[in-house]
Each structure stands twice: as C-alpha cells, then as structure tokens.
Amino acid sequence: MILTGRGVTAVLGPTNTGKTHFAIERMIAHGSGIIGLPLRLLAREVYGRLVEKVGAAQVALITGEERITPVGARFSVCTVEAMPRDTKASFVAIDEIQLAGDLERGHIFTDRLLHLRGRDETLLLGSATMKSILLQLLPGITIVERPRLSQLLYAGQKKTTRLPQRTAIVAFSADEVYAIAELIRRQRGGAAVVLGALSPRTRNAQVALYQSGDVEYLVATDAIGMGLNLDVDHVAFAQDRKFDGYQFRNLNPGELGQIAGRAGRHVRDGTFGVTGRVAPFDDELVERLEVHAFDPVKVLQWRTARLDYSSIDALRRSLDAAPQIGGLARALPAVDQQALEYLARYPEIRDAATDAEKVEKLWEACALPDYRRITPAQHADLISTLFFDLVRHGTVNENFMAEQVKRADRIDGEIDTLSARIAQIRTWTYVSNRPDWLADPTHWQEKTREIEDRLSDALHERLTKRFVDRRTSVLMKRLRENAMLEAEISVNGDVFVEGHLMGQLAGFRFTTVAGTDGPDAKAVQSAAQKALHLEFEARAARLHACGNSDLALSSDGLVRWLGDPVGRLTGSDHILHPRVILLADEQLSGNAREHVVARIERFVNHHIATVLKPLDDLSRAEDLQGLAKGLAFQLVENLGVLFRRDVADDVKSLDQDARASMRRHGVRFGAYHVFMPALLKPAPAELITLLWALKNDGLDKAGYGELIPVLAAGRTSVATDIGFERTFYKLAGFRFLGKRAVRIDILERLADLIRPLLQWKPGQGPRPEGAYDGRRFTATTAMLSILGATPDDIEEILKGLGYRADVVSAAEAAEFLQKQNPVTSDAADMVPGSPVPPIASEVTEETSETSQAVTEEEAVGVDEEAASSEPKPVLLWRPGGRNDQQRSERAPTRDGRPRRDEASQGRHGENRKGPQRTGGNREEHGSKKDGAAAPDGKGRHSKSSRDDRRQKPQQARFEANPPRKERPLDPDSPFAKLAALKEQMKK
C-alpha cells in the first residue's frame, strides 16, 4: 500500500478554531465538492448553512437515513459512512478525523482520509493530536495548525443547582441525563437535552430550545463534543466515566478536552468544571485541558476495503486481513461484521449465498445499522429476513415492511416509548434509502420520513413538557431582554404575567401557584403586585358601592363578596355584635381599606338585625318596664330561649299587662320554656348557633352545624349524640332530654296534651283519651305523632321531663277502666260486640303493640307466639315527686304482680315544682335538680304533701287502684322469661 499526502491539507487545532467554517468557505469556492461529517445532526447543520449561501438546488444531503439529491446539485453534504469511495468532485473535506482512532467507527474515517481525494483540493479537519500520525501515513501532507479563538479556563467544582446560566452539563447515560434535567427544571426553570439516541430532528429541536434562550441549561452526552456549534459559556462534567461499548472506563484527557472545548464561542472565553458528584480535576489535567496539550494519536483503526465475495468464508477471511504498514491497527469487529458472523452459522444462509453477487448482497444487508441497540442475534435475524427477500424476490417484501412501519406509527406514550419507536422507524428509513432494495423506494422514503418527523416532534414535546417550565423560560427570556413584564387579571381572578398563570386573586388576597419561586420570582412578583395594587383599588370601590345581595355570611363565620371571602367574624363583648376582621393583603391600604371594613360591618349588622329581627326588636323595646324589661334582657342574652325553671319567680311576678306586652314582641310563656317561636326556624337558628360559637370558640366543637339540617328537614325530635356540644341542641331550638332531643315548641304542645289528662277527674264528664284516674295518664297516639317518636322514645322523653311511671298489668288497667265505665251505666261508651270499654280496649291494643315491639327487638330466643300472648304492662305516668326513688326493674315479683317501675328523674326538667291539679287529692310531686312537672292551665305551680303510703306498703297507692290479691307467678311462663331477658339486656 503506497500512500501519499500530496494535494492534502490538514487543518488541525482545538475546538472553536473555525475549522468547519473554513471548510465550507473553501468548498463553495470550487465548482463541486463533498464534505463528510461525523453526525447526521452536524450534517444537517452544515447543509442548512450551504443552502443559505448557494441555494437548495445546488446542495445534496446524503446520510444513511436521508437523501436529498436535487438534479445537478454541485455540493454534497454527507455523513462519513455515506461518502462515496471514489469521486470526481473538485473539493473533498473530512471533519473530525481524530475519530479514526475510535474502536467502533474508526476504520471508516481511516479509509476515507487515506483514499478519498478531491481533484483540486482535499481538507482533513480535526484535532492537533492527529499531526504525527498524518505525517507518518501521508508523506507530503500540508499541516495547518489553527489556535483557539478564545481562552478556556477551569472553574472548579459547583453544585448542579448553582451552575451559571448558559451551562452545558455532561453525563454519559440517558437515565443520568434525565435525572439532571429534572433537577434543573425544579430549581432553575428547565433544560434542553441532547443524546445520541435521539433522532436528528429531536436533537435539532432541543438545541434550538437552548440556542433561542428559552432555557438556560443544556444536559447532554458527549454528543455535543462532535462539532455542534452552541452558545455555551460553561461546561460541567456530571460524570467522568463512560461505557465505550466494551467496558466502563475513565475519559482520557483528549476526550475531556473535546467536550470542555464546547465552552466559549468565537472570541468569547469559556470555562469548564465538575459538579458535586465528580472529584475536582487535578492540576496537571487542568493545565492540559486549558492549553490543549493531549497525547498524540499513535494508531488508526483499519479494515480492508478489498473484500472477497466468492463465498461467505472468503468474505470473513478478507475482513480479518491485517494492515501492511505501520500506524494502522486492525479494527475490532463492527456491527456489520458481528452480524455476518452470526449469519454464517445458519445453514439456510449458506445455501442462499451461493455466488459472489449474493454474498455481496448479504454484506450489504449486514451494513444495516443497529439503531434499536438490540442483541447481535436479534439484529442478525432481521438482516436474514431482508436478505432472503432480496435474493429470492429482488426487493424487500413490502407487506412485511408495511406491518413493521405501522407498529411504529403511533405518537402516544412517554419518552422511552417514543425513543424506541424512533429507533425502529429509523431502521426502515435506512432500508427505504438503500438503492434497489424496494420496488417503490420514493413512497417508503416519504412514508418513513413523515413518521420519523412526527415521532421526533412528539418526543421533543414530551421532553420539553417534562424538563422545561415554559412559564419560567419565557419570563427569563423577557428579563434578559430588559423588558417590562406585562401582568393582567382575568374576570375570575386569575393573575397572568406575560400570559402565564402566576396565581389566583380571591377577594383581596393573592395566592401564587406552585413553582413561582424560581430565579425569576422577584421580577414576576413585582409585575404581579403592580397589577394587583390597581385591581385592589377598583375592587374596594365596587365593594363599597355594592348591594347587600352581593354579600353573604356563611356558617364558618366568613363574609363573602360574590363568593370570595373578604372578612371573618370573631367574638366580641356583645354576642349580637361580633367583630369583623378584614381578609386582605397589605396592598389594600388607606381609605380603600377603611371603606371595605365599614361596608362589611354595615352588612353584618344589617344581616343580624334582619334574620334575628324578633330578638333585635325585643332588645330595643321601649314599652317594656320593670320585670318585663329584665326578663327581655335575659331572653336576648340567651338568644331567645330560657328554661322556665330559671326564671320562675320573675314569670310569677309579671302582671297580665307585662305578659301581654312581651307577647306582642313574640315571646311565649310555655310550660317548660320562655321562648320566641319565630327563632325556631333554620335561618335564625343557624345564625344564633354561629354567634354563640364565635363568642365561645365553638366553631371547632363537635356537633357545630350538624343540627340545623335536622331542623330544616322538619324533624320534631332526634336521637342525641353524646359527642356533641350539648348547647348546640338548645341553639338549634331543641331540648336535650337524655337519649332524645325534642323541639321546644313541640314540647309545649306535648304539655298542652298532658294538662287536660291530669285535670280530668273520674265522674266529671267523658274521660279524655289517655286519662286514667285523674292523677296519671298513658301515652297517646297524638303524643307519638307530634313527637315523631316510638313508644320507647316517648318513655325517654317523659322521664327527661320529670315524669315518673307506675307499672300495672294490661289486665289490671282494663279492669280498672271497666269499673270506672260499667257496661250498664253508659252503653254509648261501649264498643259493639266488645266486653271492654273503649279506653280499656285502647290500652290493651297499645300495650299489645308495645309488647310485640319488645318481642321483636329485645326478646331474642323467646318464643314469639308465647310472648305475644301476654300483653306488655301499662305505664301510668305522673308528675315526679321529691321522694321518688330510682327506677326499679320491671320484672314481675315472685307472686306474679308486676313490680312498680320508678323511672329515674330526667336531667333537664323545667321547673322544680310539680304540677298542680284542680280538685281532689294532690299527688306527691317535685323534682331533683332540674326535673320538670306539668303546670296547670294557668301556668301556676303548687307544692305537694307527703304520701304516707311508704308506711303502708300493703295498701294501694291510689284510691282508684284497689288492692289486688297476690298471685303466684309461674316461672316457666313466657311472660316471666320475657321480663327476665329484658332485664338482662338492659344491664
């Protein structure tokens, strides 16, 4: 092999010496020319620059995946792999010739720089490390060394988040690049990414994102070291080790210098350094990088171009040929040779490759690049499919190709998915650009190019969405231009700066959205605040002039204007006049702030006076004097409800005129309460509850706001919750009576039902339903109806009101009522065909129903048929007495008589005095603590005398209830079992 360098010029030097620019200028000075570049991305860049200079019709672009070949084009821009082996062009240039030493691609660069020549001029461009080997291999070559146009300085170690703007951060794996880009996005607004695995179109779009200034950082692999012209001020190494296809190793100084040299542009100096994850460079390495002193390239990778296609084995032997001159080393098997080695093992491949033409076709198929980075065996299988189509049919099966292309034609998915599809479609783009491989290559070139472009655009969009905060990038660009940021506020309160959402204005408070704390935060907030100040002034004027319908007071104590909170109520000395706290930022100040506060206070006072008008009128009443005025004051202080027992003396002292004057103001004097019925509605009750909660820190107490919906639903009683603050029941208009709470006005209706039952005396006209003996009564359907309660519920309610129950059997009650209404005395009282008077029948039916309920709910395991045969005992209610004992068990005594049930006193009785009956003997009555008794029809109460029945237990407690004979109780009876089981369950 005889080589010569005559007519060849090598332009050598570090990065940023203008070598590529020089080659472009020299090429257009010739009538024709070819330039070879190491990357398709760089080839695209140079193609664009040439088109700008001489026009698109004069320039061709030829790569393994793309062919733009205008008829009569004078200049060709190629990747080195796509350069022809022979040319008649006047000018030839090969860029980045130091890659001739690369283990994977070096043999291709070596072949071109040794053999490809222009008719008039040949330029070799690369690093100064190639000088000695070029002089050795190409005697007579002209060496031109160009100095760097700017200085390169070491800046030491810095954290990733503290790197200066216009920095390129270098890592050597996709995962590391993505992780760094994500960190930069969170801390500094965003970054562009450049990886060798990206399609050229995607890499171009990402580079353009950085070059345009939309982002200030670029995170890349060593792909940026291959001649990409970037406006980089600083290069930071986040890693200094890489996998070179064979092993993990440290980068050598030459490789570090090639990458670090991207810093600085033209005459602008650049810096390089490391991040916190890489040890600082030692002084010797720093010096070598700064002065570009690197070890010379001693050998170039070489593979013979003289291939023997007579057989597969002959081809393999020729590929293994060793170089015959010094300075060259046989290259390691590349992807194409590895694929050939796999395919040579397949008998069907050997059977198909029977002559030199077919062996050459096999070698062409092996040149298919492994864009997908799959295993050699998988890649070889694809090549074998293509080869069989080519030798059997002359072209690749287009149905098979259409199926493969269709699989890649989808733009859904994330970054990794799209990257994999791009790698797949690039394979078929390469196939479509191979001469004579397809019946309709133009169609497939357009088809695959369209799909690759669409996938590349989608990948660029995903990368930008993931690693770039568009708001921050645009704002930073505007700030670099020293432009005033424009802010605006939409009708719904969204605040935009330069068209990007910065926050939300609600009322007079501005809340920023997440991610507004980047490097542009200060300028952005300044622009936003300027707009907010003007908006606050305008809103204050509108609020001051608005009507009450635009304002509302919510149950959480917030005053809202058109839905937005502008004030919050808090307690004050007077419960009906809470204090207003303005909810506004500092930008609302001066007269505007005072006007807003005054308007909110006027609304709150008007709202309370309107909703609680009866209470407000009562507080201002001028026609009330003396005790009536004092009682009205207490009623206002207690928000419209007083327990009558607490003001019993005051009420007794009121004359009829005073009572009438208070009634005119809506005050009702009930048996248990002095109250204002107009306030027992949802709206007043809700406001009353809020005012009390503000005064007593009750907004967070259990039960707040839970009872108003019950009131609004029309419920007259409700099961109580022991976890609730008890006062909330009273504020909502309910009386707490142990397990049940009853609406106050309903309790007064209950008192109206009970009063005539206790006033009636046997022999004084027809007996009202529920009356018994003039001293006691039974619960009636009317009572259950107004209370919305069950028999068990009314039992709890009456006990809570201070009534006590005597228990008699259903038969005994029926017998007693029958004696009071003998059949012969009043036939009109009899039910036709019935031996029992109507009241006795009613008692029997009621007790039977109650007994049935007990059977179903409590008497588990007791025979239902037997249990229902014995009616449940009857409860005879009477006003509680001072000497009443705790409620006794209802189990019958051993002699068969039902035991007297002394119900326990309620905790919330109304009066300490028992009810007064007119005429006849007065029953013992009274209360403990707040036990209540029913008053008479005139609202008066009387004391009771003691009953001497304790000294005579063998006698009947009431004259109307004659003594009964002791009857033994059968312990095996269903009724005895039922009573015992009920007693056990109550425990």
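Quantities reported herein were computed from a predicted structural model and do not represent experimental measurements. (Residues numbered from 1 in each chain as written. Predicted model: local features only at pLDDT ≥ 70, side-chain atom pairs only at ≥ 80, totals over all residues. Heavy atoms only, no water.)

## Observations regarding a nonpolar patch on the surface
Item 1. On the surface, Leu-103, Tyr-246 and Leu-332 cluster together into a nonpolar patch covering about 260 Å² of accessible area.
Item 2. Along the chain, the position of Leu-103 falls in the loop between strand 6 (91-94) and helix 3 (106-115).
Item 3. On the accessibility criterion, Leu-103 (35% relative accessible area) is partly exposed. (Patch = residues over 30% accessible without salt bridge, like charges linked within 9 Å, V, L, I, M, F, W, Y side chains within 5 Å. Areas by Shrake-Rupley, 256 points an atom, 1.4 Å probe, with all protein chains shown as cover. Salt bridge = Lys/Arg side-chain N within 4 Å of Asp/Glu carboxyl O. Helix = DSSP H or I, 4+ residues; strand = E, 2+ residues; numbered from the N terminus. Buried < 20%, exposed > 50% of the residue type's maximum accessible area, 1.4 Å probe, protein only.)

## Structural notes on the packing of aromatic side chains
Item 1. Enumeration according to the criterion identifies 16 aromatic pairs in this entry.
Item 2. On the basis of an interplanar angle of 65° and a centroid distance of 5.3 Å, the ring pair of Tyr-729 and Phe-736 is categorised as edge-to-face.
Item 3. For Tyr-729, a relative accessible area of 1% translates into the label buried.
Item 4. Using a relative accessible area of 10% as the deciding quantity, one classes Phe-736 as buried.
Item 5. Pairwise contacts between aromatic rings join Tyr-154, Phe-237, Phe-272 and Phe-281 into one cluster.
Item 6. Over the aromatic face of Tyr-178 sits the side chain of Arg-466, whose NZ or CZ is 5.6 Å from the ring centroid.
Item 7. Over the face of the ring belonging to Phe-643 we find Arg-735, whose NZ or CZ atom lies 4.6 Å from the ring centre. (Phe/Tyr/Trp six-rings, centres within 6.5 Å; stacked < 30°, edge-to-face > 60°. Lys NZ or Arg CZ within 6 Å of the ring centre and 35° of its normal.)

## Some thoughts on the confidence of the model for the chain
If pLDDT is low for a region, its predicted coordinates should not be looked at in detail.
Item 1. Taken as a whole, the chain shows an average pLDDT of 82; of its residues, 80% reach a score of 70 or greater.
Item 2. Under a pLDDT of 50 for its full length, residues 823-868 has, in the predicted model, 63 contacts with residues more than four places off or in other chains.
Item 3. Segment residues 885-966: pLDDT under 50, and 233 contacts once partners within four positions in sequence are set aside and those in other chains are kept. (pLDDT = per-residue confidence, 0-100. Contact = heavy atoms within 4.5 Å.)

## Regarding the sheet that holds strand 3 (residues 59-62)
Two orientations exist for strands paired in a sheet by backbone hydrogen bonds: parallel and antiparallel.
Item 1. Strands sit in the order 4-3-5-2-6-7-1-8 across an open sheet of eight strands; the sheet is mixed. Among the strands making up the open sheet, the edge pair consists of strand 4 (67-68) and strand 8 (142-145).
Item 2. In the sheet, strand 1 (residues 8-12) pairs with strand 7 (residues 121-126) via five bridges, with the strands oriented parallel. Residue Thr-9 lies in a different strand from strand 7, and its bridge partner there is Leu-123.
Item 3. Strand contacts of helix 1 (residues 19-28): strand 1, strand 2 (33-37), strand 5 (75-79), strand 6 and strand 7, with the helix running at about 170° to strand 7, the strand carrying the most contacts.
Item 4. Lying over the sheet, helix 2 (residues 40-54) contacts strand 2, strand 3, strand 4 and strand 5, oriented at roughly 170° with respect to strand 3. (Pairing = 2+ DSSP bridges. Axes fitted to C-alpha atoms, helices over the stretch in contact; angles between N-to-C directions.)

## Some remarks on the environment of His-665
Item 1. Mapped onto the elements of the fold, His-665 is located in the loop between helix 23 (656-664) and strand 28 (668-669).
Item 2. Residue class for His-665 comes out partly exposed when judged on its relative accessible area of 21%.
Item 3. Considered as a pair, His-665 and Leu-618 are 47 residues apart in the sequence and their alpha carbons are 6.3 Å apart.
Item 4. Discounting chain neighbours no more than four positions away, the residues touching His-665 are Asp-617, Leu-618, Ala-621, Asp-623, Leu-624 and Met-676.

## A look at the sheet that holds strand 25 (residues 564-570)
Item 1. Taken together, four strands build an open sheet; the order of strands is 23-24-25-26 and the sheet is antiparallel. Strands with a single pairing partner mark the edges of an open sheet, and in this sheet they are strand 23 (551-553) and strand 26 (579-582). Between one strand and the next, the sheet's axes are offset by a mean angle of 30°, whatever the strand orientation.
Item 2. Two strands pair when backbone bridges link them, and strand 25 and strand 26 are joined in this way by four bridges, in the antiparallel orientation. Residue pairing for strand 26: Arg-568 is matched across the bridge by Ile-581.
Item 3. Its contacts with the sheet put helix 19 (residues 590-611) on strand 23, strand 24 (558-561), strand 25 and strand 26, and the angle it makes with strand 26 is roughly 140°.

## Points about the pairing of strand 31 (residues 734-737)
Item 1. Residues Phe-734 and Phe-736 of strand 31 are buried on one face, and the alternating residues Arg-735 and Leu-737, pointing to the opposite face, are buried as well.
Item 2. Direction of pairing for strand 31 relative to strand 32 (residues 740-743): antiparallel, over a ladder of four bridges. Note on strand 32: the bridge partner recorded for Phe-734 is Arg-743.
Item 3. Here strand 31 folds back onto strand 32 in antiparallel fashion, the turn holding two residues, of which Gly-738 has a positive phi close to 75°.

## Digging into the nonpolar core
Item 1. The biggest cluster of nonpolar side chains holds 73 residues, and the ones touching the most others in it are Phe-508, Val-559, Leu-588, Ile-600, Leu-612 and Met-662.
Item 2. In terms of residue count, helix 24 (residues 682-695) provides more of this core than any other element does, eight residues in total.
Item 3. Look past the residues within four positions of Leu-612 in its chain and what remains in contact with it is Leu-576, Leu-679, Pro-684, Leu-687, Ile-688 and Leu-691.
Item 4. By size, the runner-up hydrophobic cluster in this structure holds 61 residues, among which are Val-359, Leu-362, Tyr-371 and Tyr-430. (Core = buried A, V, L, I, M, F, W, Y, C linked by side-chain atoms within 4.5 Å.)

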